[in-house]
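Read off the chains here:
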Amino acid sequence: VRCQQYPPLRALQASAALRRASDEHKKEPWASSSQQHFDSPPAGHQPEQKPQGPHPSYTGQGGQESEDYESEEQLQHRILTAALEFVPEHGWTAEAIAEGAKTLGLSVAAAGLFHSDGSELILHFVSECNRKLSELLKKEQKLVQLGEAEKKPIDEFLRDAVEARLRMLIPYIEKWPQALSVLLLPRNIPSSLNLLTSMIDDIWHYAGDQSTDFNWYTRRAVLTGIYNTTELVMLQDSSPGFEDTWRFLGNRVADAMTMSNTATQVQSTGEAVVQGLMGAAVTVSN
Amino acid sequence: AGPEMHFGFQSVTEEERREKIYQVFETVAKKYDVMNDSMTLGIHRVWKDILMHKMNPCPGTLLLDVAGGTGDIAFRFINYVRSVRQRQLQRKLKHHQNLSWQEIFESYQKDKFNSLGDSQVVVCDINREMLKVGKQKAQHLGYSEGLSWVLGNAEELPFDDDRFDVYTIAFGIRNVTRIDLALQEAYRVLKPGGRFLCLEFSHVSNPLLSRLYDLYSFQVIPVLGEVIAGDWKSYQYLVESIRQFPPQEELKAMIEDAGFFKVDYENLNFGIVAIHSGFKL
């Protein structure tokens with residue numbers, strides 16, 4: 001709480017100094033993924049993203065007047081992103097985070113900033129995947145608006161969106177079951193549920209769903225079910241290129257479409273029956 | 001003379017305080033561990049274990065244990081990284097199922113001589129007697145690898161900047177005369193991203209418990225000191241110094257002043273002991 005009272009002055013001097021030093025070294029392999037982090041990066045961040053760019057201007061005395069400072073959150077983001085590279089080897093653990101911190105030039109003790117069960121790492125990964133999905137869908141939508149691409153039928157759209165999102169798990173698929181179990185810990189359920197629902201929301205939004213009635217809930221429930229079951233199928237799929245999973249996904253989406261068609265049919269049949277009964281009642285009363 | 005400071009409930013100058021504290025620990029050094037066990041009924045071991053668990057060090061960590069005297073934290077650290085390292089090696093072997101026996105043997109040989117995974121702990125204490133006791137204990141218990149003993153003052157550490165991953169001070173910061181200097185030194189010697197951990201007696205806010213605690217502290221502990229260590233005065237000092245030490249929030253503010261981020265504390269046993277943690281970011 002005390003720290004928040006003077007954010008501009010209390011720059012993270014140690015990490016800022018490290019980043020100035022790392023600017024002079026070769027570009028780190030993960031730097032490109034960190035570019036996606038900052039939607040509106042402060043001016044001082046530019047040098048980090050363009051390794052051949054100019055160095056930040058600073059007076060260099062205690063770093064107090066340096067322009068490139070970052071908040072604790074941004075540093076934590078960087079560490080977690082760097083840690084993802086080590087997940088296939090170490091799993092979603094404090095060890096992976098420690099290795100990530102090491103690549104940033106920080107001490108391995110920085111892993112102590114996070115929970116030892118890797119919760120934050122997993123949640124960070126999930127929210128990053130969701131963000132990438134949003135960007136992908138937005139780009140596609142722009143292409144359609146510009147007339148450069150055909151608008152996909154709804155089932156194809158849903159299938160492609162879920163497939164794109166699930167493909168992001170492929171590099172980490174071996175350790176993903178561990179991640180799922182951590183996401184189900186009571187402590188993490190609010191956040192993980194939140195991330196899931198906003199992702200499903202996103203997909204429906206870009207699919208063009210404008211419903212304001214009960215359909216809104218049914219659509220989300222259905223798609224969540226499709227996503228979760230496909231994810232579980234993917235975890236034990238050993239077919240080449242996960243073709244079994246995508247086939248399963250296609251079937252589930254087709255099922256959902258049939259179901260909704262049936263529902264509409266049932267509704268219109270129901271209306272027809274009601275009208276018939278009304279007519280019969282009028283006839284009888286006459 | 002210098003500014004007035006407290007030595008227990010007495011008022012002394014800075015220099016006098018340093019001298020008196022040195023003498024206290026010189027006298028109690030040999031019975032330090034025994035007294036810890038009897039005063040805290042062995043619970044101090046649990047506190048130190050909790051500290052180690054909180055630190056959760058991975059192999060390759062360089063630890064500086066200040067005021068580490070008789071080596072309790074250092075030995076726990078070595079045990080912890082050794083077991084983590086074992087698990088790491090086991091996992092690596094599981095992945096090596098496709099290698100030939102020769103390759104497995106070679107990798108095992110290489111790792112066998114690195115059972116600590118390059119972890120190291122430096123025990124630093126201002127008091128020669130405490131260090132002596134610590135070294136004897138290490139020899140007796142068989143700790144030799146990854147361990148070194150340095151005579152030094154927490155207010156002016158004999159180490160370069162940005163050297164250590166973790167800095168711990170367990171039940172020692174209370175005896176430092178200029179706590180702000182010790183905190184600044186801690187900041188200086190830690191690497192960027194390094195962690196500061198302080199385990200220390202603190203303030204109990206629960207009124208009932210506080211009264212029982214006071215009763216125990218002032219009536220029982222000095223008596224134990226006389227009976228077991230033959231030294232009433234040192235243990236009177238101990239108990240008084242606990243009361244004089246800043247409470248949790250104040251210490252947290254001091255740590256933040258030294259430049260640490262994400263400063264937090266965890267009360268153990270309702271505040272009898274507290275672990276403060278901060279990061280050099």
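Named according to an unreviewed UniProt entry, chain B is COQ5 protein originating from Hypocryptadius cinnamomeus. The record in UniProt for chain B states the following under Subunit (unreviewed entry): "Component of a multi-subunit COQ enzyme complex, composed of at least COQ3, COQ4, COQ5, COQ6, COQ7 and COQ9. Interacts with PYURF; the interaction is direct, stabilizes COQ5 protein and associates PYURF with COQ enzyme complex." Recorded in UniProt under Function (unreviewed entry), the annotation for chain B is "Methyltransferase required for the conversion of 2-decaprenyl-6-methoxy-1,4-benzoquinol (DDMQH2) to 2-decaprenyl-3-methyl-6-methoxy-1,4-benzoquinol (DMQH2)."

Chain A goes by Ubiquinone biosynthesis protein in an unreviewed UniProt entry, where it is assigned to Hypocryptadius cinnamomeus. For the record of chain A, the UniProt heading Pathway (unreviewed entry) holds the text "Cofactor biosynthesis; ubiquinone biosynthesis."

## A word on the pattern of salt bridges
Residue and element names in this part refer to chain B. What the rule picks out here adds up to 27 salt bridges over all chains. One salt bridge in this structure joins Lys-137 and Asp-33, with 3.0 Å as the shortest N-O distance. Taken together, the residues span a long stretch of sequence, with Lys-137 in helix 6 (residues 128-141) and Asp-33 in helix 2 (residues 32-39) at a distance of 104 residues. Note on accessibility: Lys-137 and Asp-33 belong to one class, buried. Salt bridges sharing common partners tie together Glu-14, Glu-15, Arg-18 and Glu-155.

## A few points about unusual backbone geometry
Residue and element names in this part refer to chain B. At Phe-171, a position not held by glycine, the phi torsion is positive, near 55 degrees. You can see Phe-171 is positioned in the loop between strand 6 (164-170) and helix 7 (179-189). With a relative accessible area of 9%, Phe-171 lands in the buried category. We note that Lys-262 has phi near 50 degrees; this positive angle belongs to a residue other than glycine.

## Re the sheet that holds strand 3 (residues 62-66) of chain B
Residues and elements named next belong to chain B. Spatial strand order, 5-4-3-6-7-9-8: 7 strands in an open sheet with mixed pairing. Looking along the sheet, the strands with just one partner apiece sit at the ends: strand 5 (147-151) and strand 8 (261-268). Mean inter-strand twist for the sheet, computed between neighbouring axes without regard to direction, equals 15 degrees. Where strand 8 and strand 9 (residues 273-279) come together, 6 bridges link them in antiparallel fashion. Within strand 9, the position partnered with Tyr-265 by the bridge is His-276. Against the sheet, helix 4 (residues 72-95) touches strand 3, strand 4 (120-125), strand 5 and strand 6, its axis set at about 175 degrees to strand 4.

## A few points about the interface of chain B and chain A
Residue-level contacts link 23 residues of chain B with 25 residues of chain A. One can count 1 salt bridge joining chain B with chain A. Between Arg91(B) and Glu95(A) there is a salt bridge, with the nearest N and O atoms lying 3.1 Å from each other. Counting every contact that joins chain B to chain A gives 4 residue pairs in polar contact (both at pLDDT 80 or more). In terms of residues, the side of chain B that touches chain A owes the most to one element, strand 7 (residues 190-201) of chain B, which gives 5 residues. Partitioned by chemical class, the residues of the side of chain B that touches chain A number 9 nonpolar, 6 polar and 8 charged.

Calculation criteria
- Residues numbered from 1 in each chain as written.
- Chains lettered and ligands numbered in written order.
- Predicted model: local features only at pLDDT ≥ 70, side-chain atom pairs only at ≥ 80, totals over all residues.
- Heavy atoms only, no water.
- UniProt positions renumbered as here; feature names shortened; annotations may be inferred.
- Salt bridge = Lys/Arg side-chain N within 4 Å of Asp/Glu carboxyl O.
- Helix = DSSP H or I, 4+ residues; strand = E, 2+ residues; numbered from the N terminus.
- Buried < 20%, exposed > 50% of the residue type's maximum accessible area, 1.4 Å probe, protein only.
- Pairing = 2+ DSSP bridges.
- Axes fitted to C-alpha atoms, helices over the stretch in contact; angles between N-to-C directions.
- Contact = heavy atoms within 4.5 Å.
- Polar contact = N/O pair within 3.5 Å; in protein donor to acceptor, adjacent residues only side chain to side chain.
- Nonpolar A, V, L, I, M, F, W, Y, C, P; charged D, E, K, R; others polar.

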